[in-house]
Amino acid sequence: MQENSSTVIDSTYPATGRFETKVVVVLRDDLLPWQELNVTAFLMSAIATSAPGLTGEHYQDRDGNSYLPMLRQPVLVLTAGRKLLAAARERATSREIPIAVYTRDLFATGHDEANRAAVAAVAAPDLDLVGIALRGPRNVVDRIVKGARMHA
């Protein structure tokens, strides 16, 4: 998906501590703990690679060891039921907000090509979503995920 005004990258850490954009992962509320972690990791890989400049600089400890950079802004992890996930996917798509999806079928696949084939085999309204991730303007993202609750 091409960049649009809704995918503006915050160029520096804002002095107010408030980013113009928000990153949210929404997990289905009936997942097992290992599934929650797996889905979150895969979805965040999509966010982190979705546009240049989303990650910061490499970390380095006092001894000179280098560590990989991480996403520059906080990530909220929320939970929701099946219907809210489907509605959020539809709202994001209709607003042209880039979204990553993870479906229940992906728990049974073993590699990227099989994952993409599993998603491609299902019409958008019929996707059995177990997680989504999105990044966009704060107020738009808030409206898209309205009704989801903080992960506990």
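Residues numbered from 1 in each chain as written. Predicted model: local features only at pLDDT ≥ 70, side-chain atom pairs only at ≥ 80, totals over all residues. Heavy atoms only, no water.

1. Structural notes on the nonpolar core
In a soluble, globular protein the nonpolar side chains are often hidden away together inside. With 18 residues, the main nonpolar core has Val-26, Ile-132, Leu-134, Ile-144 and Val-145 as its most contacted residues. Contributing elements (two or more residues each) for this core: β1 (21-28), β4 (75-80), α2 (82-94), β6 (129-137) and α4 (138-144). At four residues, the largest contribution of residues to this core is made by α2. Contacts of Leu-134, omitting those with residues within four sequence positions, involve Lys-22, Val-23, Val-24, Ile-47, Ile-97, Pro-98, Val-141, Ile-144 and Val-145. Counting 17 residues, the second-largest nonpolar core is a separate cluster that includes Val-25, Leu-43, Ala-51 and Leu-71. (Core = buried A, V, L, I, M, F, W, Y, C linked by side-chain atoms within 4.5 Å. Buried < 20%, exposed > 50% of the residue type's maximum accessible area, 1.4 Å probe, protein only. Helix = DSSP H or I, 4+ residues; strand = E, 2+ residues; numbered from the N terminus. Contact = heavy atoms within 4.5 Å.)

2. Here we look at the pattern of salt bridges
Counted under the stated rule, the structure contains nine salt bridges. Taking the shortest distance from any N to any O, the salt bridge between Asp-30 and Arg-104 comes out at 3.6 Å. Residue Asp-30 is located in the loop between β1 and α1 (33-48), and its partner Arg-104 is located in the loop between β5 (99-103) and α3 (112-120); the two are separated by 74 residues in the primary sequence. The partly exposed category is assigned to Asp-30, whose relative accessible area is 46%. (Salt bridge = Lys/Arg side-chain N within 4 Å of Asp/Glu carboxyl O.)

3. A closer look at the sheet that holds β5
Pairing within the open sheet is mixed, and its five strands lie in the order β5-β6-β1-β4-β7. Two strands lie at the open edges of the sheet, namely β5 and β7 (149-150), each paired on one side alone. Two elements, β4 and β7, share two bridges in a ladder whose sense is antiparallel. Of the residues in β7, the one forming a bridge with Thr-79 is Arg-149. (Pairing = 2+ DSSP bridges.)

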